Structures are given as structure tokens and as C-alpha cells.
Amino acid sequence: MRAFLALIKDSFRESLDSKVFYLLAAGSLLFSIASLSVGFRKRPFDEALLGVFEKTDWRSIHVSLPETSENVIVPEVRSLEEQAGTFTLVLSAPDADAFNARTVSPGDLARFLSDGGSELPASDELMIHRGEKGFRRYLHLRLRQAGFLPLKIEKTGAMRWAVRCEASDPFRIAGAQSLTFLFGLVEVGLGGYSGRNVVLILQSLLANQIAGWAGILVAIVVTAWFLPNLLRKGSIDLLLARPVSRFLLLLARYLGGLSFVFLNAALFIGGTWLGMTLGTGFVQPGYLLTVVTITLLFAIVYSISCLTAVLFRNVVISVLAPVAFWFLCYLVNTGKATVDNPVLNAMVSLPPALKKITTALYYLLPSTTDLGKLNQVFMRLGEGNEGVMLVQQASLENVDFAGSILSSLLFTAVVVGIAGWLFHRKDF
Amino acid sequence: METGEDRIEAAVEVRRLTKIYRAAFQHEVKALDGLDMKVPRGEIFGLLGPNGAGKTTLVKVLLDICRPTAGETFLLGTDSRKTRSRRAVGYLPEDHRFPGYLTGAAAMDLYGALSGLPRRERRRRGAEALDRVGLSKWARVKTRKYSKGMKQRLGIAQALFHDPDVLLLDEPTDGVDPVGRKAIRDLLLEFHDRGKTILINSHLLLEVELICRDVAIMNHGRILKRGGVEALTRTGSRYRVRVGGDLFSAMGVVQAQAGEAEREGDAVLFPAADDAALDAVTAALGAAGHPIREISPVRMSLEELFIDVLGSPGDEDGGREEEP
């Protein structure tokens, strides 16, 4: 254990010496300050409620049945009143009996949208809204989706309805807030987005794009030096002459690289979380869990870096190989989603061999894309789906996260094991 | 049949050791060829040989840095493929390279931890070792700023500071100035005085001659000659005498008595087949009024022995193996 810790400490010394750690820490600080500068400004609740009807393109939100598409109705706002924090919106429709729409599950919607909206697949989750009752149910669904809760819709006359809701949490209501940057200096309207949606988008950008993509690329470059440096003639002799097993040497160096990334990810995610929490007042501890996902994603690609370092002892190969591997995983993950797409399968007859190869590769290689989706799950822990965009929900459907994590961990363990075995057999 | 106890007596033991380097699309290289060798505990042993003789490979196999193709190796009686065999071993590789981001003290700390020393011991012994090799003022300086000689001294310090029983040194004084070399020699002799075993690989034959009591000369992965330095370098029947009085007159006396006399500076060299012949020469010199100031057997230098054993550079077989 003493030797193990000493080697991990040595990896840190090396990364500190390269000054990259300080550079990354400074970057984390800048992003944290930028996150702190983000805030929300409350907008009138009635405007937000009206906005649902004004800004919504009803035809694009619901999907008309082809044979009744001309009968789709658009509700008209008659009045809006406020009494003790409760808002009453009176709506009318020209002919509710002519209402004929259907809503689909998030997954089906996403597939439909990605397909260009040409054809909607048959699905058990398809909800058909017909007539007056259907209109009311659809309206309820639409407002709930926009974050208006608690909600009550009453029929007040022929073709007239009263929608009652309370001005509860503006953060969860679409259009109830505007976004501010630079500590309130810049203000941007959110349109049909809720504050919570925007925080989710920002956190997703930070965790998936900044830390999970750019950050990991930087980490690959920084840590790619660790093992080739260790294996250089003259350096490795000094270590192998000690009473320490070779596998332990390699494992410690590997974990040293992981610790470096974990610490940087923790600084970045922790800092931006704190900044955003203080700036927006929205506390979402689930975002902090993305540190684990980022480290796991790095663990996968770094295992390839370790393997190539043992094989070739070359820094350039140790940088390029994991990046190429990561891209391959992305292609396979995307390929699997594509060959599984029912819309595509209905339109095009894919060769069975292509499906088999893609599926085999998908189960053989780590599911890096699924780990990115896992971040979305973490960011929404303890929260419902209200106020969350349908497409965001759709991307998380049908993902076997436990399977993805297990297969990724297994793959990483196997690659590190092979690297250790090769290292054990190698002459220096 | 050798018993386990015999093996424990040897600090280093090598049995029928063969190492063949194989690489794709390249010729095989036989670095060690059925080598047998034993270094008893408490000895300072010099391993000599030209470049490519297999000296470094032998040490690397002993430390499990290289894997043998055939044969067995033991360190202090333990199979050297086992990790624990390296617990009581210190090693200074040739062309060693300390990570530039480590200070001298941090290097000591790292290698000490890998050798299993607790933190307090590492700090204490590390500071002492750096002081012994004259690097205490450089302890907090990164090794990338060290000169070659300083790195060499740091290498000695890291090899010694965990108090190993066996020390394997590959070119220990390479790049060190004469004063530093003397300091390293003293350090090694002091280490040896405590009953420790030292095995030195070196091209610097004079250094080896000054330190080692036993040497082996290797080439092409085989040991060509092995024995005590004194015995190996002794020419056998020639003596050097320094006398008072006229040198030419003394030479005449020696010539008359021994049949041959050769001047070498202020001394006379002559052959003497045995003690009686030697006594006859000294008696004749005394009788002729030439008091004897010094008399000693003529030895060849280790370098001369080395060249003699390996043959001239043009010799294709690179020396002859000693008959068992």
C-alpha cells in the first residue's frame, strides 16, 4: 500500500510539474465565476401563462392524424384574471368536437423528429385525443409540460373552459423568468423554456461538452506522458529493481492518471455547481454525480492509453490511440441507435450482417454515449419531468444504464489487465 | 547436489543462465550463454567485459528487469523472479534517469517508499544519504538541474539508503570527477566493511582494481576468467627491486645472478623461478654493497589482464574461455 500511494503521489507530482493542473484549476475557477454570474429575473406570471398559448405552434407540438389534419383547432384566450395568487384563464375553441390530435411517447417523438416528421411509427404509448374530452386532456398535458401546477381545468360553458393555476415556483414554469448573465448586466428572455430547463441545458453543456469532451481530451494529452515516461530506459530500471510487483506499478500509475482527472473534474463540477447554486438559487446535488461519470469515461479511454504505452512506449501513440478509440465507440453507439431505429427500419431494409456487427461491437465496446446520457439522469435526480422538454426525456428512454456501466467497467478492467500482463512479460 | 544452505551463503548465484533477445524481423542476440557464477556474501566483486559482453543483461536478469531464456538466478538464496528477492538489494543502473520533476529529497522519498521504508525512516535516511554523497544542499532542487556527476551521486544514494545487503552497481563512477570518485569509493568500502556484498560492472578498470578483491571477465555472455585481483594480475616469476648505490653496478650483479636484468626507472626487474633464486639475488646484491630498499613481485595491471584475456580488438572469438 505504501508503494502504491507513493506511485500515485508521484503521478501528481508529474502533473503538477507540467503546470497543466494549475491551468485546469484556473479554467475551473473561471467557469465557476461565470456560473456564479448566471441568474434569473422573475417575469409576470400572467404573461408566462399567456405565452403558452401565444408562442406555441400547436400544429408542431401535437401530431395531427393525416385524415383529420384540417380539423385541428387552436384555442383562443378570452380573459385572464388573478385573485390571491390564483390565475384563471378563460379559453374557447370554435369546435372542440372537431379536435383530433395525438400525443406520443418521448421516444417516439424523438424518433419522429429525427426522421423529419415524415411518418409516425405505431406505438402502444400513442395517445389519441379526440373531441371535447380529448381537447381538455391535451390542454392539461400541454400546460403541465410547461410547468403550470397545480392545475385545474373546468368547463364553464359551451366551448368554454376555465384554467386555474397558482403562481407557484416560477423556476419550473416556461417563460416565468428571464436569464441574466454577468451578474445581471445582460438579460435574455427564455421563450418557451423554464429556468430549470435552462439550468439543465447549462449543466449538460458543462458536464458533457466542456468537462466530458474538451476536458477529457486535455486529460488524455496530459496523462499520456505518465506511462511512457515511467517506461523510459533508465527510469524504469530504478523502479523495477524495487520489491514491488510490475502490475502494481502499472495499476498505481493508471489510478494516478484517474485521480488527476477525478480531482480536476471535482474542481470543475463542484465549482460550477456552487456558482450556479449561489447564482440561481437552484440546488441540484445530482449534478455533482457527473464527476463519477466523467472519471469513468476517462477510465475507459485511459485504459487504451495505458495499453498502447506498454506496447509502444510512445507518447504520440498514447494520445492518438485513445482518441481514435473514443471516436470508434461514438460511431458504434450511434450506429447501434441507428440500426435500432424503428422508423429507419420501416423505411430501409438494413443488411442483417450490418445489424449483427453493430450490435456485437456495441456489446463488446464501452457505451461512452450512454454515460453522457447518464449525466442527464444525475442532473434530474429527485425531480419530476414537469418543465423538462420532451426531447430531453426522449433521449433517456430505453437506455440500459446498469448494463452500460457494467460493460464499460468490464472492458476497462480487461484492457488494464492485458496491459498489466504485457508489462509483466516485457524485458527492459 | 547443492543444498538450500549453500545457496544462502551466496549473495548472488547464477546457474546455466541463457538470455536470447528476440525481436521481429531482427537477428536473435545471445546476450548470456549458459552462464554459471557465484558471488559469496561480503565480497566486492567486479564484472568486467567489453560493450555487449552481457554484464548489464546479467544484472538485469538478477533484478527481474529482463526475463531469462533459460537457467536460474538467486539473490541471497531467493529465486530472483520473486518480488521479495529484491527487498535487500540496492541497484544503480547505467545511464539511469531520475524524473526531472523530482527533487533529490522527493526521489529518496519515492524510492524509499517503493523499498518499503516507513515515512519517518525515509526522511531520516534520505537526508543522511544525500549528506553522504554531498547533495544535502541540493535536496530541494529538482533533479533536472543536476549535473551528470550529481545525478550519479544521487544514484549511489538511492541505491544505498535503504541499507541493502547486496549492492549491484553499473558504472558507479561514470561521469564523476576524481574527488567524487574517491568519495564514492570510500562509501563503498565502508559499506563493504559492514559485511555487505557489492557487485560492480565497470569499464573503468583502475576503479575496479582499487575496490574489488575478485573479478570476472566476460565476453559474449560467458565468463572467460575469474579470480582474485591479486592472483590474476600476478605474473608469477618476475620481481622488481630498488637498491642503494650505483644502479648499473646493481644491474650487473642481478644479471650475473638471475641471468637477466632490465631497468625500469630507478628499479631493476629480474626473473626468479622460486624463493631460493630470489634469496640468491638479494644476497648477491647485499654482498656487493647494494642495500635493498624495496622488493616486490611484478604485476600486470587489470587493464593488461583484460586485454590479454579478451585478445586484441581484431580477434574474432573475443577471448578464450578458461578451462574449468
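Rules used throughout
- Residues numbered from 1 in each chain as written.
- Chains lettered and ligands numbered in written order.
- Predicted model: local features only at pLDDT ≥ 70, side-chain atom pairs only at ≥ 80, totals over all residues.
- Heavy atoms only, no water.
- Pairing = 2+ DSSP bridges.
- Helix = DSSP H or I, 4+ residues; strand = E, 2+ residues; numbered from the N terminus.
- Buried < 20%, exposed > 50% of the residue type's maximum accessible area, 1.4 Å probe, protein only.
- Contact = heavy atoms within 4.5 Å.
- Buried area = accessible area lost by both parts, 1.4 Å probe.
- Salt bridge = Lys/Arg side-chain N within 4 Å of Asp/Glu carboxyl O.
- Polar contact = N/O pair within 3.5 Å; in protein donor to acceptor, adjacent residues only side chain to side chain.
- Nonpolar A, V, L, I, M, F, W, Y, C, P; charged D, E, K, R; others polar.
- Axes fitted to C-alpha atoms, helices over the stretch in contact; angles between N-to-C directions.
- Core = buried A, V, L, I, M, F, W, Y, C linked by side-chain atoms within 4.5 Å.
- Phe/Tyr/Trp six-rings, centres within 6.5 Å; stacked < 30°, edge-to-face > 60°.
- Lys NZ or Arg CZ within 6 Å of the ring centre and 35° of its normal.
- Patch = residues over 30% accessible without salt bridge, like charges linked within 9 Å, V, L, I, M, F, W, Y side chains within 5 Å.
- Areas by Shrake-Rupley, 256 points an atom, 1.4 Å probe, with all protein chains shown as cover.

Caption draft 1: Layout of the pairing of strand β4 (residues 70-75) of chain B. All names here are of chain B. Pairing analysis gives five bridges linking strand β1 (residues 10-21) to β4, with the strands arranged antiparallel. Across the sheet, glutamate 13 pairs through a bridge with phenylalanine 74, a residue of β4. Strand direction decides the pairing type here: β4 and strand β5 (residues 78-79), joined by two bridges, are antiparallel. Considered in β5, the bridge of phenylalanine 74 is made with aspartate 79. Taking the residues between adjacent antiparallel strands as the criterion, β4 and β5 are bridged by two residues, where leucine 76 takes a positive phi near 50°.

Caption draft 2: Examining helix α3 (residues 104-114) of chain B more closely. Summarising burial for α3(B): 11 of the 11 residues are buried, a large majority. Contacts made by the buried residues of α3(B) are with α1 (2-17) and α9 (235-240) of chain A together with α4 (119-132) and α5 (148-160) of chain B.

Caption draft 3: Inspection of the interface of chain A and chain B at higher detail. Counting residues at the interface gives 29 residues for chain A, matched by 34 residues for chain B. A buried area of about 2,900 Å², summed over both sides, lies between chain A and chain B, and 51% of it is on carbon and sulfur atoms. Three residues, Leu238(A), Arg242(A) and Pro243(A), lead the burial of chain A against chain B; their summed loss comes to 23% of the area buried on that side. Across the pair Arg144(B) and Asp17(A) runs a salt bridge whose closest N-O atoms are separated by 2.5 Å. In this assembly, chain A and chain B are joined by 19 residue pairs in polar contact (both at pLDDT 80 or more). Contributions of two or more residues to the side of chain A that touches chain B are made by α1, α9, α10 (246-280) and α17 (401-425) of chain A. Across the side of chain A that touches chain B, the residue classes tally to 10 nonpolar, four polar and 15 charged.

Caption draft 4: Local environment of the sheet that holds strand β9 (residues 214-219) of chain B. Residues and elements named next belong to chain B. Spatially, six strands are ordered β6-β7-β8-β3-β9-β10 in an open sheet, and the strand pairing comes out mixed. The open sheet has two edge strands, β6 (89-92) and β10 (222-228), and neither has a second partner. With strand direction ignored, the average angle separating the axes of adjacent strands in the sheet is 15°. In the sheet, β6 pairs with strand β7 (residues 166-170) via four bridges, with the strands oriented parallel. What sits directly across from leucine 92, in β7, is leucine 169.

Caption draft 5: Local environment of the nonpolar core. One finds Val12(B) and Leu58(B) to be the most contacted residues of the largest nonpolar core, which totals 161 residues. For Leu58(B), the contacting residues outside a window of four places in its chain are Val14(B), Leu17(B), Leu32(B), Leu35(B), Met37(B), Leu47(B) and Met218(B). Grouped together as the second largest cluster of nonpolar side chains are 22 residues, Leu49(A), Leu89(A), Leu139(A) and Ala174(A) included.

Caption draft 6: Up close: the packing of aromatic side chains. All names here are of chain A. Inspection of every chain in the model, using the stated rule, returns 16 aromatic pairs over all chains. When the ring of phenylalanine 21 is compared with that of phenylalanine 260, the centres are 6.2 Å apart and the planes differ by 50°; the resulting orientation is tilted. Pair noted here: phenylalanine 21 is in helix α2 (residues 20-36) and phenylalanine 260 is in helix α10, with a separation of 239 residues, a long-range link. For phenylalanine 21, a relative accessible area of 12% puts it in the buried group. Ring geometry for phenylalanine 31 against phenylalanine 268: centres 5.2 Å apart, planes inclined by 65°, an arrangement best described as edge-to-face. Separated by 237 residues along the polypeptide, phenylalanine 31 in helix α2 and phenylalanine 268 in helix α10 bring together distant segments of the chain. Classification of phenylalanine 268 by relative accessible area gives buried; the value is 7%. Within the aromatic cluster, the residues linked to one another by ring pairs are Phe21, Tyr22, Phe226 and Phe260. Its guanidinium or amino end placed over the ring of phenylalanine 423, arginine 246 lies 5.9 Å from that ring's centre, counting from NZ or CZ.

Caption draft 7: Layout of the sheet that holds strand β10 (residues 186-189) of chain A. All names here are of chain A. As summarised here, the arrangement of the three strands in space is β1-β9-β10, forming an open sheet in which the pairing is antiparallel. If you trace the sheet from one side to the other, it starts and ends with β1 (39-42) and β10, each paired once. On average, adjacent strands in this sheet sit at an angle of 35° to one another, irrespective of strand direction. With four bridges connecting them, strand β9 (residues 177-181) and β10 associate as antiparallel partners. Paired with serine 178 across the two strands is glycine 189, which belongs to β10.

Caption draft 8: Expanded view of a nonpolar patch on the surface. Residues and elements named next belong to chain A. A contiguous nonpolar surface patch, about 610 Å² in accessible area, is contributed by Leu29, Ile33, Leu36, Phe183, Leu274 and Leu278. Secondary structure elements with two or more residues in the nonpolar patch: α2 and α10. Sort the elements by how many residues they give to the nonpolar patch and α2 lands first, with three residues. Along the chain, leucine 278 turns up in helix α10.

None of this, on its own, says anything about what the molecule does.
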